[in-house]
Amino acid sequence: MSAFNPMDLTVRPVLVALWGLVLVASFLRRRQQAHSAATVRLLLLVLGVIAATATADGALSADATSGIAPLLKGLLALGLLLTLARLPRYADNRGRTGVSPQPSSETGTAPTRSLIDNLPEALLIHDGKGRLTEINNTLCRMLGYQRHELIGMRISDFETRLTRDELEEIWRDIEFTPPGIRHGIWTRKDGTRLPIEVAIAPLPREDASHPLIIALARDASEHQTHLANLESTVERLTCAQTRAETAIQAKNGFLQSTGRKLRTPLTTILGLTQMIEKGLSNGDDKISDYLKSIHSSSLDLLEVTEELSRAATLEAAATGDEQHSYRTIIEMSPDTICLCHDGVITFINTAGLRLLGVYDAKQVEGQALSKFVHPDYQVLCEGNFSPLIGETAATPMKFLHASGKALDVIASASAAPEGDGNVLVVVRNISDVMRANRDVAAQAKRLNSILDTAVDAIVVTDERGNIETFNRSAETMFGYNANQTIGKPIEILMTEEGGRDHKKKLAAALATRQPQIAGSAREIAGRRQDGSVFPAEISVSLCHLDDRRLFTAIFRDVTERRNFEDYLAHSANHDSLTGLPNRRLLQERLQHAIDHAAVNKSWVAVWFVDLDGFKMVNDVMGHVAGDELLIEAGRRMVSGVKSTDMVARFGGDEFTIINSGVHNRTEVGQAVEHFMATLSRPFILRGRELTLSANVGIAIFPEHAVLASELIVHASAAMLFAKASGRNLYRFFDPVMHSQSAERLTLENELRRGIERDELLLYYQPQIDVASGRIVGLEALVRWKHPSMGLIQPSRFVPIAEQTGLIVPLGAWVLRRACTDLRQLQDMGLNNVSIGVNISARQFTDSDVLSQIQQAIEETGIDPQHLDVEITESTLMNNPEHVISYLERMKGLGIRLSIDDFGTGYSSLNYLKRFPVDTLKIDRSFVIDIADNPKDEAIAVTIITLAHSMGMTVLAEGVEHARQAEILANHRCDIIQGFLYGKPMSLPDAIAELQMGRNIAMPEKKAH
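Before going into details, it helps to say that this report is about the structure given with it.

What counts and what doesn't
Residues numbered from 1 in each chain as written. Predicted model: local features only at pLDDT ≥ 70, side-chain atom pairs only at ≥ 80, totals over all residues. Heavy atoms only, no water. Pairing = 2+ DSSP bridges. Helix = DSSP H or I, 4+ residues; strand = E, 2+ residues; numbered from the N terminus. Axes fitted to C-alpha atoms, helices over the stretch in contact; angles between N-to-C directions. Patch = residues over 30% accessible without salt bridge, like charges linked within 9 Å, V, L, I, M, F, W, Y side chains within 5 Å. Areas by Shrake-Rupley, 256 points an atom, 1.4 Å probe, with all protein chains shown as cover. Salt bridge = Lys/Arg side-chain N within 4 Å of Asp/Glu carboxyl O. Buried < 20%, exposed > 50% of the residue type's maximum accessible area, 1.4 Å probe, protein only. Lys, Arg positive; Asp, Glu negative; His and termini not counted. Charge placed at Lys NZ, Arg CZ, Asp CG, Glu CD. Core = buried A, V, L, I, M, F, W, Y, C linked by side-chain atoms within 4.5 Å. Domains from an automatic or database assignment. Contact = heavy atoms within 4.5 Å. Parallel < 35°, antiparallel > 145°, perpendicular 65-115°, else oblique. Left-handed = near helix turned anticlockwise from the far one by under 90°. Nonpolar A, V, L, I, M, F, W, Y, C, P; charged D, E, K, R; others polar. Polar contact = N/O pair within 3.5 Å; in protein donor to acceptor, adjacent residues only side chain to side chain.

Examining the sheet that holds strand E4 (residues 193-203)
For step 1, the next point in the chain: Strand order in this open sheet of five strands is E2-E1-E5-E4-E3, and the pairing throughout is antiparallel. The sheet is open, and its two edges are formed by strand E2 (132-135) and strand E3 (181-187), each paired on a single side. Between one strand axis and the next, the sheet turns through 35° on average, direction left out of account.
For step 2, the next point in the chain: Pairing of E4 with strand E5 (residues 212-219) involves eight bridges; the strand directions are antiparallel. For Glu197, the partnering residue across the bridge sits in E5 and is Arg218.

Take a look at the structure:
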């Protein structure tokens, strides 16, 4: 042994430190990396400690009695304490100092997570307020955001179709609403809008007070979304697995035993900092924080020194004696190795100290091992660990950390062969593994819930096409249970043709390694277990999982969408009420027929049909009954033409028929006559027998026009002339009709200006009291005195006014002028005469007649009891309940009410007795032939009797012969009006007649 040289205490540490600095500088320069000051200080500290320790050991071994050893140890402790005081927290730089990371609990879930991230649909999970808690990569791509930007956003931040309140209402009711497709509009990050289809469902969760909602969304503009690139997912999975294996290896190495050379001084520092901190518990907070920082840094340094001492431990195990080698090997073990005698710890390795959370073996040696075992597992410690000794495999149990936290471990025990009560207990900490397993199980359960709540069917197959996964929606869609399909080829879900096509696409995908088959969703014919076939949309993606290739197929039943598309296509070309072709399809088919006729040298006849009598049914029985009649009339028309002809609804009660394959007018005329005869057969509508007739206009290709649009216009013009000529007639187009149509258009425009320029006149026809022969009333009849065309009769302009809606302002003008003339009569003392004003059906329904009458009475100041408002019977029977209320309000103005054209409508006696009317006017159609037709006379007698029984006055209009007047007088008709007693006359002429006061000779009534 060499003599101790004091110079060694000074020179050796300096040389060692300088040598370490040279190595560090060389290493940094070679790696070209910049390390933080904290890292350099840490390395210097370690090198200094090693050098100081080596010096101390040398000094002690040189001369134990020199008194220098205690001084060196004190200096060493003081140097460590001062150095640590300047050292920043090592914990913040652990990632940069080479300390191995802990394994992530989500590593095991990466395969399943990657599968969801690469679904073709966007996946999002949010809470009841719409805040996103989980998303997949597809949503990021769809909206153009990064994942960290979307997490925490609300659905209402990019949903523009529904408000936040509407969204929250949907989410509140989600548990009671079956899963279904909803539509919305999302706004991308770049501001563009994206129409989407979204399926939502509640996500099962243990905490029911905070439910989550899962949604799958896809781009509805192309009815598809691209599945994510699963090849990159496999790469990420492989990297994740590699990182996991590396982390486990690093952890195992990290937990190996450490040397004891630096453990004692570090333990002393830890104890000193705790003692000082307790003594300053009421002192300065800054000092307390400073001591806590020292304490934390010492713990970090302790971990580093254990790593650095591994090489020294290995060297000692290789060169020392056998007993010492065994001990160092035990210290190197990552598992806890504990030697117990009768249940009491006599030895525990460094890994055991770390497991229990203590710093020194003295803290646990001499205590029962059961003290550190969870109470639920104390039974395993009974009988000197006999339950563990009897097991061939390690037993799961829980140990207690010094902090009180329970640790998952597996333990095994072996008794010493000498039977001296010694038992060797080996414990492995599996907390991280158990935590990872629990996370994997929870994640798997969560993802299975996602699959089961998905609206679409999700089927996963191997590369041979055999099914491995079959979710609940797939069971519902195809009628199979999952266990019936597992291992079966996916082609059982398709028709034979679809199955062959699918196999070809799978083969192509395997050959080219394309991640998504066909690039997008495609339609196939799906086949259920019962053999029924339905339209389905399928999107298939290829992914690599470990060394396997899997296909994920997503099926969507598009039956409703297909039906809706067919409905839209049909609606675009067909009338919604009758189901007949509409104008659009009419133009298309007519042009096709014209092209075909031009090639075959044949004719095409276009019939324009207007129904006579429909308006009466619509007014009397209501619009619903009118719609029913139109439907039946459409069916009747189809049955009245050839199967090659087409019937289309042009609008309202107008229809157009394409009659193709004809060669002359005679052939066309015969076809039209057969059609009109078929249509004229009675209809039974709501228990009533109704008859319709038609006026038909005909235009022929190529005689009248060669363009489809012109043929329709010409046929329409011909129909108008047929209608003007009478009922149930047809006319072929004639070019002269154009000039007459132009005249009607001119007359309409002139009438509009004539109302504004006050070109209208009122003529009055006398109404004679049968009993006295005196004039008791005047009916106001409008005339038009045009500046250039002269006096125009009502038969020319009133129909045009009714068709164009000008009847409303025309009727208002008549009402105001009649009240003005009545005021003139009353001012002249002619107070026993009433003026009758006709209110048209359109005026009654399209304007506020009540306000117009009230305003006219107030402005003119007339006595309202001499104003007789006449309303047609058909007008009153359209919504009679409303009409009764309206008439009562009119009657409240003090006016008289009359029912005009009585007998031509479909009055209900139940309503008639409720109408507050004063007079029934027998229509002229029953008066004209009353002298020659007993039926007309019977009808007139019935009306007179009915009116008198209800306390009403009866007026007969259209009386032109004495015989008519005699019959009406004999049947007690009260008032007579007609050319027999006076034609319509101007107001001055009417005043002259009234002032004469003469009594007109009336026929004598015969006694009954």
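Once you've had a look at it, read on.
Details of a nonpolar patch on the surface
For step 1, the next point in the chain: Nonpolar side chains collect at one region of the surface, where Phe564, Tyr567 and Leu568 lie side by side and expose about 340 Å² of accessible area between them.
For step 2, the next point in the chain: Judged by relative accessible area, Phe564 falls into the partly exposed class, the value being 49%.

Notes on the pairing of strand E9 (residues 406-415)
For step 1, the next point in the chain: Pairing of strand E8 (residues 395-400) with E9, which is carried by six bridges, proceeds in the antiparallel orientation. The residue of E9 that forms the bridge with Leu400 is Ala406.
For step 2, the next point in the chain: Linking two consecutive strands that pair antiparallel, namely E8 and E9, is a turn of five residues; a positive phi of about 95° is found at Gly404 within it.
For step 3, the next point in the chain: In this structure, the hairpin formed by E9 and strand E10 (residues 422-429) is closed by a connection of six residues, where Gly419 is found at a positive phi of approximately 70°.

A word on the pattern of salt bridges
Opposite charge on two side chains makes pairing possible when the charged atoms of those side chains draw close.
For step 1, the next point in the chain: Taken as a whole and judged by the stated rule, the model has 37 salt bridges.
For step 2, the next point in the chain: Its salt-bridge partner being Glu966, residue Arg963 comes within 3.6 Å of it at the nearest N-O pair. A residue pair is termed a helical-turn pair when its members lie 3 or 4 positions apart in one helix, as Arg963 and Glu966 do in helix H35 (residues 962-970) at three residues.
For step 3, the next point in the chain: What makes Arg963 partly exposed here is its relative accessible area of 43%.
For step 4, the next point in the chain: Linked through salt bridges whose partners overlap, the residues forming this network are Glu121, Glu197, Arg218, Asp456, Glu523, Glu537, Arg556, Arg561, Arg562 and Glu565.

Here's the deal with a negative patch on the surface
For step 1, the next point in the chain: A surface patch of negative charge is lined by Asp165, Glu166, Glu169 and Asp173.
For step 2, the next point in the chain: Looking at where Asp173 falls in the secondary structure, it is placed in the loop between helix H7 (164-172) and E3.
For step 3, the next point in the chain: On the basis of relative accessible area, Asp173 is assigned to the partly exposed category, the value being 38%.

Digging into the nonpolar core
For step 1, the next point in the chain: If you look at the biggest cluster of nonpolar residues, it comprises 118 residues, and the most contacted ones within it are Trp607, Val609, Leu611, Phe675, Leu867, Met890 and Phe915.
For step 2, the next point in the chain: Tallying contributions element by element places helix H27 (residues 807-827) first for this core, with 10 residues.
For step 3, the next point in the chain: Split by domain, the residues of this core number at least three in each of domain 4 (579-732) and domain 5 (745-996).
For step 4, the next point in the chain: Each residue touching Trp607, except ones within four places of it in the same chain, is listed here: Val641, Phe655, Thr656, Ile657, Asn659, Val668, Ala671, Val672, Phe675, Val696, Gly697 and Ile698.
For step 5, the next point in the chain: Cys338, Val364, Phe385 and Val425 belong to the second largest nonpolar core, which has 26 residues in total.

So, the environment of Gly697
For step 1, the next point in the chain: Counting through the fold element by element, Gly697 comes out in strand E21 (residues 693-701).
For step 2, the next point in the chain: Gly697 sits in the buried class, given a relative accessible area of 0%.
For step 3, the next point in the chain: It is 5.6 Å that separates the C-alpha atoms of Gly697 and Trp607, two residues lying 90 residues apart in sequence.

Section: the packing of H27 against helix H36 (residues 987-996)
For step 1, the next point in the chain: One way to put it is that H27 packs onto H36 with a least axis distance of 12 Å and a crossing angle of 30°. On the basis of the axis angle, H27 is roughly parallel to H36. In the crossing of H27 with H36, the sense of the turn from one axis to the other is right-handed. Only Leu987, Ile991 and Leu994 of H36 make contact with H27, whose side of the interface consists of Asp821, Gln824 and Leu825.
For step 2, the next point in the chain: Of the residues assigned to the contact of H27 with H36, the class counts are four nonpolar, one polar and one charged.

With respect to the pairing of strand E1 (residues 122-126)
For step 1, the next point in the chain: Along E1, five of the five residues are buried, which leaves the element largely enclosed by surrounding structure.
For step 2, the next point in the chain: Neither face of E1 is open: one carries Ala122, Leu124 and His126, the other Leu123 and Ile125, and all of them are buried.
For step 3, the next point in the chain: Note that E1 and E5 share five bridges and pair antiparallel. Each residue of the ladder has a partner; that of Ile125, found in E5, is Ile214.
For step 4, the next point in the chain: Bridge count between E1 and E2: three bridges; the pairing is antiparallel. Paired with Leu124 across the bridge in E2 is Ile135.

Here we look at the sheet that holds strand E14 (residues 533-545)
For step 1, the next point in the chain: Reading across from one edge, E12-E11-E15-E14-E13 is the order of the five strands in this open sheet, with antiparallel pairing throughout. Two strands close off the open sheet at either side, each with one partner strand: strand E12 (467-470) and strand E13 (522-527). Shown here is a sheet whose adjacent strand axes are inclined to one another by a mean of 35°, direction ignored.
For step 2, the next point in the chain: Pairing of strand E11 (residues 457-462) with E12, which is carried by three bridges, proceeds in the antiparallel orientation.

A look at the side chain of Gln767
For step 1, the next point in the chain: Relative to the helices and strands, Gln767 is located in strand E23 (residues 760-769).
For step 2, the next point in the chain: Assessed through its relative accessible area of 7%, Gln767 is described here as buried.
For step 3, the next point in the chain: Within the local environment of Gln767, its side chain forms a polar contact with the side chain of Gln977, the two groups lying 3.0 Å apart.
For step 4, the next point in the chain: Leave out the neighbours within four places in its chain, and Gln767 touches Arg774, Ile775, Val776, Gly777, Leu778, Glu779, Glu870, Lys921, Leu955, Ile975, Ile976 and Gln977.

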